[in-house]
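Residues per chain, in single letters:
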Amino acid sequence: MKSPISFVIFVIFLFFLVSSAHPGMKRQHYPCKNLVFYFHDVIYNGKNANNATAAIVGAPEWGNLTILADKFHFGNIAVFDDPITLDNNFHSTPVGRAQGMYMYDTKNTFTAWLAFSFVFNSTEHKGTINFIGADPVLVKSRDISVVGGTGDFFMHRGIATIMTDSYEGDVYFRLRVDIKFYECW
């Protein structure tokens, strides 16, 4: 038969174990991996077919497929296949491609909805990172969800903070993407 002192110590241990898991305490989350990339979007405007990496594939009745609609581009849908670089130089060697779509979805401000993947096939990274979320374009820093990945990024999830690093009218923009993974497999 076990001694009563062992039993008392066991009960005290259980008490402290259960009491330390207080439901009101927030757990601090730390990223398991952090990456920074830039992607460069050149929208086809009827004159730049050789350099274009994006095209308008849907437009409202008052718009067209070579120039973004007025009224905050509302109703425009664009698909893209943009180079990803490690720095903000458009002519740097690409490390992958940003492939997906964005649509302008608000009538009274510049806001887009994004759904895209970073596709890597280099010596440093292989696989994809998948993103989705709202992009209030006029906000300096905004977050979208990292919803998964493949290859080196298998089942990774987290947050991507995007910032417009540069733009030239309605034809070119460059985004800085700071990715923080909170689930790394």
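Residues numbered from 1 in each chain as written. Predicted model: local features only at pLDDT ≥ 70, side-chain atom pairs only at ≥ 80, totals over all residues. Heavy atoms only, no water.

### Looking at the overall build of the protein chain
Thought 1: When helices and strands are tallied, the protein chain shows 1 helix and 9 strands.
Thought 2: If you list the helices and strands of the protein chain from N to C, you get α-β-β-β-β-β-β-β-β-β.
Thought 3: A total of 185 residues make up the protein chain; the buried ones form 34% of that total.
Thought 4: Contacts spanning at least 24 positions in sequence make up 46% of the contacts within the protein chain whose residues lie at least 6 apart.
Thought 5: Working note: accessible area of the protein chain is about 11400 Å², and carbon and sulfur atoms make up 61% of it. (Helix = DSSP H or I, 4+ residues; strand = E, 2+ residues; numbered from the N terminus. Buried < 20%, exposed > 50% of the residue type's maximum accessible area, 1.4 Å probe, protein only. Contact = heavy atoms within 4.5 Å. Areas by Shrake-Rupley, 256 points an atom, 1.4 Å probe, with all protein chains shown as cover.)

### Focus on the confidence of the model for the protein chain
Thought 1: Averaged over every residue, the pLDDT of the protein chain is 89; the share at 70 or more is 88%.
Thought 2: At the low end of the mean pLDDT range in the protein chain sits helix α1 (residues 4-19), at 65; at the high end sits strand β7 (residues 141-149), at 97. (pLDDT = per-residue confidence, 0-100.)

### Section: the side chain of D41
Thought 1: Along the chain, the position of D41 falls in strand β1 (residues 33-42).
Thought 2: We note that D41 is buried and unpaired, the nearest opposite charge coming from R97 at a distance of 9.1 Å.
Thought 3: A polar side-chain atom of D41 sits 2.8 Å from a polar atom in the side chain of Y102.
Thought 4: For D41, the contacting residues outside a window of four places in its chain are T53, A54, F80, D82, Y102, V171, Y172 and F173. (Lys, Arg positive; Asp, Glu negative; His and termini not counted. Salt bridge = Lys/Arg side-chain N within 4 Å of Asp/Glu carboxyl O. Polar contact = N/O pair within 3.5 Å; in protein donor to acceptor, adjacent residues only side chain to side chain.)

### Side note on the nonpolar core
Thought 1: Counting 31 residues, the largest nonpolar core has F39, Y102, F118, I129, F131, V177 and I179 as its most contacted members.
Thought 2: If sequence neighbours within four positions are ignored, F39 has contacts with F80, D82, P83, I84, A98, F116, F118, F173, R174, L175 and V177. (Core = buried A, V, L, I, M, F, W, Y, C linked by side-chain atoms within 4.5 Å.)

### Quick notes on the layout of surface pockets
Thought 1: One number sums up the size of the largest pocket: a volume of about 460 Å³.
Thought 2: Lining the largest pocket are 23 residues, and of these Y104, V137, T164, Y167 and F173 lie nearest its centre.
Thought 3: Here the lining of the largest pocket takes 3 residues from strand β9 (residues 172-183), the largest share from any one element. (1 Å grid on protein atoms, 1.4 Å probe; cavity = no way out; pocket = protein on both sides within 12 Å on 5 of 7 lines; lining within 4 Å. Points joined across faces, edges and corners; volume = space filled by probe spheres on them.)

### Brief notes about the environment of F153
Thought 1: Mapping F153 onto the fold places it in the loop between β7 and β8 (157-168).
Thought 2: Taking relative accessible area as the criterion, F153 reaches 1% and is therefore assigned buried.
Thought 3: On a C-alpha basis, the gap between F153 and W185 in space is 7.8 Å, while along the polypeptide they are 32 residues apart.
Thought 4: Non-local contacts of F153, meaning those with residues more than four positions away in its chain, are made with L35, F120, H125, K126, G127, T128, I129, G148 and F181.

### So, the pattern of salt bridges
Thought 1: This structure, assessed with the given rule, holds 5 salt bridges.
Thought 2: When the shortest N-O distance is used, the salt bridge between R142 and D135 registers 2.3 Å. A single burial state applies to R142 and to D135, both of which are buried.
Thought 3: Across the salt bridge formed by R157 and E183, the nearest N and O atoms sit 2.7 Å from each other. Taken together, the residues R157 in strand β8 and E183 in strand β9 connect sequence positions 26 residues apart.

### Some points on the packing of aromatic side chains
Here a ring pair, both rings aromatic, is described through the centre-centre distance and the interplanar angle of the planes.
Thought 1: On inspection of all chains with the given rule, the structure shows 17 aromatic pairs.
Thought 2: Through a chain of ring-to-ring contacts, three or more aromatic side chains come together here, namely F37, F39, F80, Y102, Y104, F116, F118, F120, F131, F153, F173 and F181. (Phe/Tyr/Trp six-rings, centres within 6.5 Å; stacked < 30°, edge-to-face > 60°.)

### Quick word on the pairing of β8
Thought 1: Where β7 lies against β8, 6 bridges are found, and the strand directions are antiparallel. Note on β8: the bridge partner recorded for D143 is T161.
Thought 2: Two elements, β8 and β9, share 11 bridges in a ladder whose sense is antiparallel. Pairing of S166 across the sheet is with R174, part of β9.
Thought 3: Adjacent in sequence and paired antiparallel, β8 and β9 are bridged by 3 residues, among which G169 carries a positive phi angle near 55 degrees. (Pairing = 2+ DSSP bridges.)

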